[in-house]
Amino acid sequence: MFGRINAIFFGAIIGGAAVFGAQRYHFVRAADGIEVVPKMSSTFEDTYVDVRAFSVADWANHKMLAASLATNNKSHVFGDANIEAVNDKFGKVFEALKN
C-alpha cells in the first residue's frame, strides 16, 4: 500500500512540473537541435513547435513565438532565408519588445 501512495505522489510531482514547463517555455525544434525559450505569457499555446520547415506565413501565425525568440536572442532559429522577411514584417514588434 505504501508503494502505491509513493507512486501517486511521484506522478503528481512529475505532472505538476510538466504543466509548469508547458506554461512557461517554448520547446522549439530547429535545424540545429531543440531550443528552450521562455514564453512571454503563461499559456499552453506553442509549447512544442517544429520550425524546420516554417515559411514567413507560418511565422505570421506564431507571432508570440517569434517575439519570444527575438527577445531572447535566438533569432538564428528563423533560418537564413527567412530572417530578412521576418525582420521586415515584425521588426517594429521586436524592437518594441527589446526596449
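Residue numbers restart at each chain and count upward from 1, following the sequence in its written direction. Owing to the predicted nature of the model, reporting of local features is limited to residues with pLDDT of at least 70; listing and counting of side-chain atom pairs is limited to 80 or more, with chain, interface and lining totals taken over all residues. To obtain the side-chain values, all non-hydrogen atoms of the structure were used and water was disregarded.

## Here we look at the packing of aromatic side chains
Okay, so step 1: In this analysis, rings of Phe, Tyr and Trp, with Trp reduced to its six-membered ring, are considered paired at centre separations within 6.5 Å, and the interplanar angle assigns stacked below 30 degrees, edge-to-face beyond 60, and tilted for intermediate values. The full count for this structure, using the stated rule, is 2 aromatic pairs.
Okay, so step 2: Between Phe54 and Trp59, the ring centres sit 5.0 Å apart and the planes meet at 75°, which makes this aromatic pair edge-to-face.
Okay, so step 3: For every residue, the accessible area (1.4 Å probe, protein chains only) is compared with the maximum for its type, and the residue is labelled buried under 20%, exposed over 50%, or partly exposed between those bounds. Given a relative accessible area of 0%, Trp59 falls into the buried group.
Okay, so step 4: Taken together, the aromatic side chains of Phe54, Trp59 and Phe78 make up a single cluster linked through ring pairs.

## Section: helix α3 (residues 63–71)
Okay, so step 1: Strands here mean DSSP runs of E at least two residues long; helices mean DSSP runs of H or I at least four residues long; both are numbered from the N terminus. Those residues of α3 that sit buried are Leu65, Ala66, Ala67, Ser68, Leu69 and Ala70.
Okay, so step 2: Asn73 occupies a position one or two residues after α3 and carries a positive phi of about 55°.

## Details of the pairing of strand β1 (residues 25–30)
Okay, so step 1: The alternating pattern of β1 places His26, Val28 and Ala30 on a buried face, while none of Tyr25, Phe27 and Arg29, on the opposite face, is buried.
Okay, so step 2: DSSP calls a pair of strands paired once it identifies at least 2 bridges connecting them. Pairing of β1 with strand β2 (residues 33–38) involves 6 bridges; the strand directions are antiparallel. Within β2, the residue paired with Tyr25 across the bridge is Pro38.
Okay, so step 3: Strand direction decides the pairing type here: β1 and strand β3 (residues 48–50), joined by 3 bridges, are parallel. Of the residues in β3, the one forming a bridge with Val28 is Val49.

## What to know about the sheet that holds β2
Okay, so step 1: Read from one edge of the open sheet, 3 strands run β2-β1-β3, paired in mixed fashion. With partners counted over all chains shown, the strands left at the sheet margins are β2 and β3, one partner each. Across the sheet, the mean angle from the axis of one strand to that of its neighbour is 20°, orientation sign disregarded.
Okay, so step 2: Sitting on the sheet, α3 touches β1, β2 and β3, and the angle it makes with β1 is about 85°. Every axis in this analysis is a line fitted to C-alpha atoms, fitted for helices over the stretch in contact. Angles between the N-to-C directions lie between 0 and 180 degrees. By definition in these notes, contact holds between two residues if any of their heavy atoms fall within 4.5 Å.

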